[in-house]
Amino acid sequence: TQFIAILNTAKLGLTNYEVWIQLSELPEDKKKEFIDYLIAHKSTRWVASCGGKIDIAIAIVAENIVQFNAVFQEILNHFPNYVKNYFITVSSEFFTYPRTHLIGEQENRELSYLGGEPKRVELDEIEIKILRILSKDARMPTIEIAKEIGVTENTIRAKIKRLEQDDIIQTYSAIIQAPKINLIHFEILATTQNMTKEKEKELESYCLLNPYIHYYLRLVGKYDIDIAFDATDQEHFQKTIIEFRSR
């Protein structure tokens, strides 16, 4: 299982733009080529295969809308006629939660908050290299990181501590493939009506107390919120949908 550092990209002066893509009719090898390209792209934060009307979802990080558009148009131009349709959302706030249901824990969940106004924290070259490494492999020993970058281990430890204290490294998380542990991953994309601050707090509390929910995004765009959760089966999925709609 891959274990990575979760970065608050707003602290790096970056915004998350999610693109939800419906593909044209493509053979599997062409679809794989497209996905592999997206995964390897320097501006993509994550790439996910989906079901239903959406085939692929990606998150692109950029300093502004102009930079995002340049990246996305580059992708479209590189793969003409691959994308049939798409829509874009922008994350304004991002709450992540540990998958405590995997260890039978129903309480004592702590959230990690990502987002806020993008404002770049000044980083030196060593810190940037550390973030690149830990965002791919947070299990790499500090002595190995030190060798790769060419500094002392004490320097690496001090730099990581500073990145954690400044909330640039928000938390660490395992990348879990739900089907491999007999779970189904779902995301609820929804619009809201008459969403008050009080209702927002109620929804935050619901997400925190539900051990199967592992992130909640506030969005700008076609949808207002995105809630991701694990389900044991279709009945569990339907129960979660009913609970969510009652909020």
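Residues numbered from 1 in each chain as written. Predicted model: local features only at pLDDT ≥ 70, side-chain atom pairs only at ≥ 80, totals over all residues. Heavy atoms only, no water.

Novice: Where do I start with the overall build of the protein chain in this structure?
Specialist: Broken down by element type, the protein chain carries seven helices and 10 strands. Against the compact-globule benchmark of 18 Å for 247 residues, the protein chain has a radius of gyration of 19 Å, which places it among compact chains. Counting only C-alpha atoms and orienting by the principal axes, one finds that the protein chain spans roughly 55 × 50 × 35 Å. Relative to its full complement of 247 residues, the protein chain shows a buried share of 41%. In the protein chain, once contacts between residues fewer than 6 apart in sequence are set aside, the share between residues at least 24 apart is 72%. Counting only carbon and sulfur atoms, one obtains 50% of the accessible surface of the protein chain, whose full area is about 14400 Å². (Helix = DSSP H or I, 4+ residues; strand = E, 2+ residues; numbered from the N terminus. Rg over C-alpha atoms; globule rule 2.2 N^0.38 Å. Buried < 20%, exposed > 50% of the residue type's maximum accessible area, 1.4 Å probe, protein only. Contact = heavy atoms within 4.5 Å. Areas by Shrake-Rupley, 256 points an atom, 1.4 Å probe, with all protein chains shown as cover.)

Novice: Would you explain the packing of helix α3 (residues 125–134) against helix α5 (residues 153–165) in this entry?
Specialist: To describe two helices that pack against each other, one gives the angle between their axes and the distance between the axes. With their axes 10 Å apart at the nearest point, α3 and α5 run at an angle of 80° to one another. The angle between α3 and α5 places the two elements in the roughly perpendicular class. For the pair α3 and α5, contact is made by Ile126, Glu127, Ile130, Leu131 and Leu134 and by Ile156, Lys159, Ile160, Arg162 and Leu163, respectively. A per-class count over the contact of α3 with α5 returns seven nonpolar, no polar and three charged. (Axes fitted to C-alpha atoms, helices over the stretch in contact; angles between N-to-C directions. Parallel < 35°, antiparallel > 145°, perpendicular 65-115°, else oblique. Nonpolar A, V, L, I, M, F, W, Y, C, P; charged D, E, K, R; others polar.)

Novice: When you look at the side chain of Asn16 in this model, what are you seeing that I'm missing?
Specialist: For Asn16, the location among the structural elements is in strand β2 (residues 15–23). With relative accessibility at 8%, the residue Asn16 sits in the buried group. Looking at Asn16, its side chain comes within polar contact range of the side chain of Thr9, at 3.3 Å. Beyond its immediate chain neighbours, meaning those up to four positions away, Asn16 contacts Thr9, Arg45, Ala59, Ile60, Val61, Thr89, Val90 and Ser91. (Polar contact = N/O pair within 3.5 Å; in protein donor to acceptor, adjacent residues only side chain to side chain.)

Novice: How should helix α6 (residues 197–209) be read in this particular structure?
Specialist: For an α-helix, 3.6 residues make a turn, and residues three or four places apart therefore share a direction. Here α6 is 13 residues long and its end C-alpha atoms lie 18 Å apart, about the 18 Å a rise of 1.5 Å per residue gives. Every buried residue belonging to α6 is among Glu200, Leu203, Glu204, Tyr206 and Cys207, and all of these are buried. The arc that holds the buried residues of α6, viewed along the axis, is 160°, so those residues lie on one side. Facing away from the buried side of α6 by over 90 degrees, the exposed positions are Glu198, Lys201 and Leu209. (Expected span 1.5 Å × (residues − 1). Arc of directions from axis to C-beta.)

Novice: Honestly, the packing of α3 against helix α4 (residues 142–149) in this entry has me stumped. Any pointers?
Specialist: Viewed as axis vectors pointing N to C, α3 and α4 meet at an angle of 125°, and their least axial separation amounts to 11 Å. What the angle tells us is that α3 and α4 run oblique. You can see that α3 and α4 cross each other, and the crossing is right-handed. Facing Ile126, Lys129, Ile130, Ile133 and Leu134 of α3, the residues of α4 in contact are Ile145, Glu148 and Ile149. When the residues that make up the contact of α3 with α4 are grouped by side-chain class, the tally is six nonpolar, no polar and two charged. (Left-handed = near helix turned anticlockwise from the far one by under 90°.)

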